[in-house]
Amino acid sequence: YAKAHRLNPGDLRILDKLFTAGLTLGARDAALRLAEKLVTSNPHHARARLVLAAAAVRNDDGYEAARHAGMIVSGDTARVTAHMIALWAGQMSRDEGVSVPALVELENETVMPGPALRTIALFHEFSGNMARAEEVYETVIKTHGLLSVDHALDFLFFLHRAGREEQRDLFFKNIGG
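What counts as what
- Residues numbered from 1 in each chain as written.
- Predicted model: local features only at pLDDT ≥ 70, side-chain atom pairs only at ≥ 80, totals over all residues.
- Heavy atoms only, no water.
- Helix = DSSP H or I, 4+ residues; strand = E, 2+ residues; numbered from the N terminus.
- Buried < 20%, exposed > 50% of the residue type's maximum accessible area, 1.4 Å probe, protein only.
- Contact = heavy atoms within 4.5 Å.
- Areas by Shrake-Rupley, 256 points an atom, 1.4 Å probe, with all protein chains shown as cover.
- Polar contact = N/O pair within 3.5 Å; in protein donor to acceptor, adjacent residues only side chain to side chain.
- Axes fitted to C-alpha atoms, helices over the stretch in contact; angles between N-to-C directions.
- Parallel < 35°, antiparallel > 145°, perpendicular 65-115°, else oblique.
- Left-handed = near helix turned anticlockwise from the far one by under 90°.
- Nonpolar A, V, L, I, M, F, W, Y, C, P; charged D, E, K, R; others polar.

J.: Would you take a moment to explain the overall build of the chain for this structure?
T.: Helices and strands together make up the secondary structure of the chain, namely eleven helices and zero strands. When the elements of the chain are put in sequence order from the N terminus, they spell out α-α-α-α-α-α-α-α-α-α-α. Across the 177 residues that make up the chain, the buried fraction comes to 41%. A sequence separation of at least 24 residues applies to 50% of the contacts in the chain between residues at least 6 apart. When the accessible surface of the chain is totalled, it reaches about 9600 Å², and 54% of it is carbon and sulfur.

J.: When you look at the side chain of Arg168 in this model, what are you seeing that I'm missing?
T.: Along the polypeptide, Arg168 turns up in helix H11 (residues 165–174). A distance of 2.8 Å separates the side chain of Arg168 from the side chain of His160, its partner in a polar contact.

J.: Help me understand the packing of helix H2 (residues 12–25) against helix H3 (residues 28–41) in this model?
T.: Packed helices, taken two at a time, are described by the angle between their axes plus the distance between the axes. With their axes 9 Å apart at the nearest point, H2 and H3 run at an angle of 150° to one another. For the element pair H2 / H3, the angle class is roughly antiparallel. Classified by chirality, the crossing of H3 by H2 is left-handed. Residues Leu12, Leu15, Asp16, Leu18, Phe19 and Leu23 of H2 touch H3, and the partners they reach there are Ala31, Leu34, Ala35, Lys37, Leu38 and Ser41. Of the residues belonging to the contact of H2 with H3, the class tally is nine nonpolar, one polar and two charged.

J.: So what exactly am I meant to see when it comes to the packing of H3 against helix H4 (residues 46–58) here?
T.: As a packed pair, H3 and H4 sit with axes 8 Å apart at the nearest point and diverge in direction by 125°. The angle between the axes of H3 and H4 places the two elements in the oblique class. By crossing handedness, the relation of H3 to H4 is classed as left-handed. Residues Arg28, Ala31, Leu32, Ala35, Glu36, Leu38 and Val39 of H3 lie in contact with H4, whose contacting residues are Ala48, Arg49, Val51, Leu52, Ala55 and Arg58. Partitioning the contact of H3 with H4 into residue classes produces nine nonpolar, no polar and four charged.

Laid out in structure tokens, this is it:
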């Protein structure tokens, strides 16, 4: 994807695939640079805003994290994720003007889909909280099961990025790999 992007830097589909590959492989710096490019052409790109919010949290900037979270507007998963990030960012910055509305939105939420939880796991991982990311991934598996190959791959890639090869190999063996 990197070569394709160099040959055609204006193709947003290639840029998005390069960004996704960077996230999957754990290339944080590259993913952050690509996220910044993606939001210039699509201000509501959910995964790019997620990465930018996580980077803001990593830099202890709750206001910036909440701003990026507020730009995530599409679908149940993205909406729930945005509220979770805003809540966390508001609590981090001790700003009830950010955290309380997000908490109210989450309490009124009727859909808490597995993909939203998987996105939150990725957010925690990208912001450096690997223990919390693992807890969320395990909650997804316990609550929603492995409903798709994506669920299993998400967790396998996480275990690989976290350096947990033994647990990764056992999980892979248990799902029939």
